[in-house]
Amino acid sequence: MSHSQTELTQNPLEKIWVPWMSNRLRRRRGSSMPQFTNSPTMIVMVGLPARGKTYISKKLTRYLNWIGVPTKVYNVGQYRRDAVQTYKNFEFFSPENEDAMKIRKACALAALKDVCSYFTQDHGQVAVFDATNTTRDRRELILSFAKDNGYKVFFVESLCDDPEIIAENIKQVKLSSPDYINCDKEEAVTDFLKRINCYKLTYVPLDDEKDRHLSYIKIFNVGSRYLVNQVQDHIQSRIVYYLMNIHVTPRTIYLCRHGESELNLLGRIGGDSGLSARGIKFAPALGSYIRGQCILDLKIWTSHMRRTIQTAEAIGVPYEQWKALNEIDAGVCEEMTYKEIQDHFPEEFALRDQDKYRYRYPKGESYEDLVQRLEPVIMELERQENVLVICHQAVMRCLLAYFLDKSADELPYLKCPLHTVLKLTPVAYGCKVESIFLNVEAVNTHRDRPVIESFTTPQNKDAHCSHSSLYRSTRVQPMASPVPTRAPRLQDLGLTELSLQNVDVDRNTEDALLTVPKHN
Amino acid sequence: MSLIGEDTERCATVSPRELTRNPLKKTWVPSCRNGLPERHISERKVCMTNCPTLIVTVGLPARGKTYISKKLTRYLNWIDVPTKEFNVGQYRRECVKIYKSFEFFQPDNEEGLKIRKQCALAALNDVRQYLTDEGGQVAVFDATNTTRERRETILRFAEQNGFKVFFVESVCEDPDVIAENIVQVKLGSPDYTHCNTEEAVADFLKRIKCYENSYQTLDEELDRELSFIKIIDVGQRYLVNRVQDHIQSRIVYYLMNIHITPRSIYLCRHGESDLNVKGRIGGDSGLSGRGKEVWTSQMKRTIQTAEAVGVPYEQWKALNEIDAGVCEELMYEEIQQKYPLEFALRDQDKYRYRYPKGESYEDLVQRLEPVIMELERQENVLVICHQAVKRCLLAYFLDKTAGELPYLKCPLHTVLKLTPVAYGCKVESVCLKVDAVNTHRDRPANVNVHRSTEDALQTVPPLTSVSLFSLHLCLPSDPVVLGDEFLSVRCLLLL
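A brief look at the structure comes next.

Rules of the game
- Residues numbered from 1 in each chain as written.
- Chains lettered and ligands numbered in written order.
- Predicted model: local features only at pLDDT ≥ 70, side-chain atom pairs only at ≥ 80, totals over all residues.
- Heavy atoms only, no water.
- Salt bridge = Lys/Arg side-chain N within 4 Å of Asp/Glu carboxyl O.
- Helix = DSSP H or I, 4+ residues; strand = E, 2+ residues; numbered from the N terminus.
- Buried < 20%, exposed > 50% of the residue type's maximum accessible area, 1.4 Å probe, protein only.
- Axes fitted to C-alpha atoms, helices over the stretch in contact; angles between N-to-C directions.
- Left-handed = near helix turned anticlockwise from the far one by under 90°.
- Contact = heavy atoms within 4.5 Å.
- Nonpolar A, V, L, I, M, F, W, Y, C, P; charged D, E, K, R; others polar.
- Phe/Tyr/Trp six-rings, centres within 6.5 Å; stacked < 30°, edge-to-face > 60°.
- Lys NZ or Arg CZ within 6 Å of the ring centre and 35° of its normal.
- Pairing = 2+ DSSP bridges.
- Parallel < 35°, antiparallel > 145°, perpendicular 65-115°, else oblique.
- Polar contact = N/O pair within 3.5 Å; in protein donor to acceptor, adjacent residues only side chain to side chain.

1. Concerning the pattern of salt bridges
Residues and elements named next belong to chain A.
- Applying the stated criterion to the full structure yields 49 salt bridges over all chains.
- Here E375 ties to R238 by a salt bridge, and the two come within 3.4 Å at their closest N and O atoms. Taken together, the positions of E375 in helix α13 (residues 367-383) and R238 in helix α7 (residues 234-243) put the pair 137 residues apart, joining distant regions of the chain. The pair E375 / R238 is uniform in exposure class, with both members buried.
- The salt bridge partner of R251 is E382, with a shortest N-O separation of 3.9 Å. In this pair, R251 is assigned in the loop between α7 and β9 (253-257) and E382 in helix α13, connecting sequence segments 131 residues apart.
- When its relative accessible area of 1% is taken as the criterion, E382 is described as buried.
- Taken together, the shared-partner salt bridges in this structure form one network comprising R80, R81, D179 and R195.

Take a look at the structure:
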């Protein structure tokens, strides 16, 4: 009896068991996104201008990337701006303008072509095709394209006839559009309204009868009503759930960590200690700040760990405890200092520096696991309005990455210092961040990726991030939602080349502990 | 960056309450002035609504209202939202005792109408009691509720009592679906015990007709201020209006993920595998044309099992066994020796008990919820998991309470085949002919924290030197420690 076929080996980074023999069997990794579907999905927006299509496209893309589904937006308007360079006025969009119609169609086709290469070459899984797509012809074109290529199609139509909502939309995102850079406000609004009218003439919404075999969701008046038709699979079901939970009511989200803890002072990770003296000072400072914000109906959330609860107690307002907000479980490394980790588990320590997002502590968790357990928190944050989340460093990084659209690479290195509140306000297509330090000193708990000191300038600017040979990435690395028509820019990630970092398992102790912050 | 200055010193106006640790759940709770823990801490529960919710079904007979009511109730209770269904037809049967014919339901049968209205009001009264006095959070009012007038009555009732209302309407005109519905649940109804199939079907169809003329479906315009979901053609299409809060959003998500396509779910724990049989798996006759999905946890032993079965599988971290924290890899005797208090607390409330630095069954249910949601979406699935996990999943399918759940019997080498039928789930238990250790420990009689060691270990399964956890560590890839035979994989697939 041969046992080799069931010999398993544990991937040292993620601690996932895989068979010795390689991939004869189709074996997918479990994640919050079980990849039950092998075909890529095209999400196709439908709706008149100023109905929130781009808002939805970007938000949805950000969400999907965060939960680990490689997604990208293709905004056809962007292609048009690249093609036409200067926008004159609404007449470009008149259905009688044949030249313009040609250009617009060419742009749509160019975008579809890029969708194709995104799926085939870049291992994308979802592409959001952001355009009006208001005619049956245009949608037929997309459907045949998808059919020829074996892509699934899910339409998202936004219908709105509330003039106030449309006016607000125009104010928020159209006035500052590149199209209207040279216009004053009234001119811009007038022109845009005429632009909308150009589309109205030929607009055919998705039809209950004629389109009953298509998969789609119709969103009425920013979410007071939805019509959902023929949801095909898991990802579409998740998309529907997400779309039904988001809203556009102005609100603010406050993220902060617990006050400085006893273990923080000792440079030890994890654990469930209480607040230090300075942490105890911080808590009422936080309360004071929050009260000063005069927030309507503020919800306060903490984890189940003592230090966040102690912090919330000082505010004197009811709070809810979420187990999902607990700090990352460092498994066998709980309550160790970095030096102790280096002493006891040097290989683990190095592996973590090689891929901090996917690295799972032995008997513990990874950032990737964290994102999965935080997903219901994000969903509920979307539903809520004003919320203060008192949590932990790794957790806060995950939440922040969601709101600020940070990639898996950047996420574990986001700076979330103690005693500092991050105030997030949704604005236009993104999120405004304000950082408020509450003037109570605390230790720094941020550890950067260690860099070899002798290199002061990057040598090889062209080299893409190359992973150490010990670990080969078999999964697509989710990026932040890439800039639509250009490849993601490496320098935006603000990372030093991996070649300069000493993340090798055989590195010496000094190199390993180079970036450990000071502590008692 | 903006700094906050002077305020920081001044603001100790609120002196923070001391925190104490609840020894059972390991949660931190503020204590009152007298040092005792506050009775109620705000812990994240699923239902984030301050007022109770009344779910009201709407639809002609044989549209699946009771099916939906029962399933939704089961789901909500499983995720710890106290829910109860109130079937008005049941009230009618208790009132009228003997059902004669469809004529009872004719719109001009005044006597019938009176009784039916009384039954509805009686049910509403019980709803009020459940939601107001008995700690219920959701009540499902299962009746046709096909007229606007009836729904108005309910809305007024809800308003008077401070309940939120969410309508669930099922609309279906597919004669095949309706016929199947009648076969599945109407023929077996108490109303038709004395009829043969044809009579029953004929009568029931006439019964449906009685409602048709006065049926006022929920309207996008007229009812635009109401909160509802309209399910069209068993889930082909949904119309969702004005979702008010978290629980309604979860209900909508759930309803949009369930289906009625016949299928079976197989639950088993990891086991050993017959490597010799592996090669014969391929075209085994037991597999349906569609085949099945196979899911495992990320723990070695379930993956080993799946590997030996030889089909593609999906690893779910959420299916990992309950984390026993500091008690990982200990034997019962050792737990009793090292942590007698913990051991006793666990016996006192095994569902809510959380291991120090570990999890509780309650935590398990929360992390298994996405698994359940995906199981609802899927068709044939084989889930290879662990004892505590299997208990949680089983409790969902078989509607077991939190009290029963941690004591459900889930022996090794026994596969449970669950097939939805009528309003519930048929269970077939297939014991694969392999000896295995019994890992089930019943609740002992003495759960007092000061009990003797003997009392504590009273119900430990007979193989005394085998722990709950180390038995799994004994599963190497080398020949087995337990049992004499290998699990016959052929059996697994013949189900």
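2. Thoughts on the packing of helix α5 (residues 163-174) of chain A against helix α6 (residues 185-200) of chain A
All names here are of chain A.
- Between α5 and α6, whose axes approach to 11 Å, the crossing angle comes to 115 degrees. Of the two elements, α5 crosses α6, and the hand of that crossing is right-handed. For the pair formed by α5 and α6, the contact residues are I166, I170 and K174 on the first element and V189, F192, L193 and I196 on the second.
- Each residue belonging to the contact of α5 with α6 can be placed in one class, and the counts come to six nonpolar, no polar and one charged.

3. A look at the packing of aromatic side chains
- By the definition in use, this model includes 30 aromatic pairs over all chains.
- Between Y396 of chain B and F397 of chain B, the aromatic rings sit 5.0 Å apart at their centres with planes inclined by 75 degrees, giving edge-to-face as the arrangement. Exposure class is identical for Y396 of chain B and F397 of chain B. Each is buried.
- Three or more aromatic residues joined by ring pairs make a cluster, and in this case those are Y87, F92, F93, Y180, F192 and Y199 of chain A.
- When the ring centre of F220 of chain A is taken as reference, the NZ or CZ atom of R225 of chain A above it lies at 4.4 Å.
- Directly above the ring of Y332 of chain B sits R441 of chain B, whose terminal nitrogen or CZ lies 5.5 Å from the centroid.

4. Overview of the sheet that holds strand β13 (residues 420-427) of chain A
Residues and elements named next belong to chain A.
- Taken together, six strands build an open sheet; the order of strands is β11-β10-β12-β9-β13-β14 and the sheet is mixed. The sheet is open, and its two edges are formed by β11 (320-321) and β14 (430-437), each paired on a single side.
- With five bridges connecting them, β9 and strand β12 (residues 387-391) associate as parallel partners. When the bridges of β12 are listed, L255 appears paired with V389.
- Sitting on the sheet, helix α9 (residues 277-293) is in contact with β9, β12, β13 and β14, with an inclination near 170 degrees to β9.
- Lying on the sheet, helix α10 (residues 306-313) is in contact with β10 (299-302), β11 and β12; it crosses β12 at an angle near 140 degrees.

5. Looking at the sheet that holds strand β14 (residues 424-431) of chain B
Residue and element names in this part refer to chain B.
- Taken in spatial order, the six strands make up an open sheet running β11-β10-β12-β9-β13-β14, and their pairing is mixed. Looking at which strands have only one partner, the edges of the open sheet turn out to be β11 (314-315) and β14.
- The pairing of strand β9 (residues 265-269) with strand β12 (residues 381-385) spans five bridges and is parallel. When the bridges of β12 are listed, I265 appears paired with V381.
- This element, helix α13 (residues 361-377), spans β9, β10 (293-296) and β12 of the sheet and lies at about 175 degrees to β10.
- Helix α14 (residues 387-398) contacts β9, β12, β13 (414-421) and β14 of the sheet and is inclined by roughly 155 degrees relative to β9.

6. Quick word on the environment of L193 of chain A
- Inspection of the secondary structure assignment puts L193 of chain A in helix α6.
- Sequence separation between L193 of chain A and L414 of chain A is 221 residues, and the spatial gap between their C-alpha atoms is 41 Å.

7. Some remarks on the packing of helix α2 (residues 65-78) of chain B against α14 of chain B
All names here are of chain B.
- Contact geometry of α2 with α14 gives a least axis separation of 8 Å together with a crossing angle of 150 degrees. It follows from the interaxial angle that α2 and α14 lie roughly antiparallel. Counted together, K71, R74, Y75 and W78 of α2 and C392, A395, Y396 and F397 of α14 form the full contact between these two elements.

8. Considerations on the side chain of D191 of chain B
Residue and element names in this part refer to chain B.
- Here D191 is to be found in the loop between α6 (175-186) and α7 (197-212).
- There is a polar contact of 3.2 Å between the side chain of D191 and the side chain of R207.
- With residues near it in sequence (within four places) discarded, D191 still touches R92, R93, Y99 and R207.

9. With respect to helix α12 (residues 346-354) of chain A
- Burial runs high along α12 of chain A: seven of the nine residues are buried.
- At its buried positions, α12 of chain A is contacted by α11 (338-344), α13 and α15 (509-512) of chain A.

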